[in-house]
Structures are given as C-alpha cells and as structure tokens.
Amino acid sequence: ILGFSTPPGRLSMMAFILNALTCALGLLYFIRRGKQCLDFTVTVHFFHLLGCWIYNSRFPSTLTWWLVHVVCTALMAAIGEYLCMRIELREIPLSSAPKSNV
C-alpha cells in the first residue's frame, strides 16, 4: 500500500512521518537523554519490523517500505535527540542568597 502514486499510499507515508514526529516527543518525555535516543529509536523500529514480519507471514521486501522506515527512523532519532539536548543544555538555576538555616 505504500507508494507515491496512489492517495492511500501517500496518506500512509504521511501517517508514518507524523508518527515519527510524535514518537520524538515521546523520547523527550520518557527518555530525556540525547545519547539514548538513537538506541530507543532503532529498538522501536526493530520491534515494528518483527511485528510486520509476523503479521504478514513474510519479510518486508518492497523498496518503499524500507525507504519510509529509514526516513522515519532518521527523523525520529534526529528530532528526539535535538529536543533532549535542548533540555540537557539548559542552565542550572543557582540561588544567590545564602541559606539561613546553617
């Protein structure tokens, strides 16, 4: 069903891309570490590959399937890592007033 020539194919590809974007937000919410984003992204897409393989009873062999998933993996990892790095690189607030209960 994935393909550029049919409207359902384009709609499915857009759904995969939007899923990658929302999963990048999930990486920000659950993982919060830029170094671990690629690991979790590849793990999620590997489990998706296994699920597709079991559901269809054959290994995915179409070029468009692989292209869409490689692009979605790259998008999810890059955007998730960018968002996590923005959180990690925030300044640590320091109070200038000394503690009075010492």
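The structure presented is a predicted model; accordingly, all values stated were derived computationally and were not measured.

1. Here's the deal with the UniProt feature "transmembrane region" (unreviewed entry) in the protein chain
Move 1: Residues given the UniProt feature "transmembrane region" (unreviewed entry) here are residues 12–31, 38–57 and 63–84.
Move 2: In this annotation, residues 12–31 is assigned 95% helix and 0% strand; the end-to-end C-alpha distance for the span is 27 Å.
Move 3: Across residues 63–84, the secondary structure splits into 100% helix and 0% strand, with the terminal C-alpha atoms separated by 31 Å.

2. Concerning the packing of helix α2 (residues 37–56) against helix α3 (residues 63–88)
Move 1: Packing of α2 against α3 brings their axes to within 9 Å, and their N-to-C directions diverge by 150 degrees. Between α2 and α3, the interaxial angle falls into the category roughly antiparallel. The handedness of the crossing between α2 and α3 is right-handed. Together, Cys37, Leu38, Thr41, Val42, His45, His48, Leu49 and Cys52 of α2 and Trp65, Trp66, His69, Cys72, Thr73, Met76, Ala77, Gly80, Glu81 and Cys84 of α3 make up the contact between the two elements.
Move 2: Looking at the contact of α2 with α3 residue by residue, the class counts come to 11 nonpolar, six polar and one charged.

3. Regarding α3
Move 1: Taking 1.5 Å as the rise per residue, α3 with 26 residues should run 38 Å; its terminal C-alpha atoms sit 37 Å apart, in good agreement.
Move 2: Looking at α3, one finds that the buried residues are Trp65, Val68, His69, Cys72, Thr73, Met76, Ala77, Gly80, Leu83 and Cys84.

Calculation rules
Residues numbered from 1 in each chain as written. Predicted model: local features only at pLDDT ≥ 70, side-chain atom pairs only at ≥ 80, totals over all residues. Heavy atoms only, no water. UniProt positions renumbered as here; feature names shortened; annotations may be inferred. Helix = DSSP H or I, 4+ residues; strand = E, 2+ residues; numbered from the N terminus. Axes fitted to C-alpha atoms, helices over the stretch in contact; angles between N-to-C directions. Parallel < 35°, antiparallel > 145°, perpendicular 65-115°, else oblique. Left-handed = near helix turned anticlockwise from the far one by under 90°. Contact = heavy atoms within 4.5 Å. Nonpolar A, V, L, I, M, F, W, Y, C, P; charged D, E, K, R; others polar. Expected span 1.5 Å × (residues − 1). Buried < 20%, exposed > 50% of the residue type's maximum accessible area, 1.4 Å probe, protein only.

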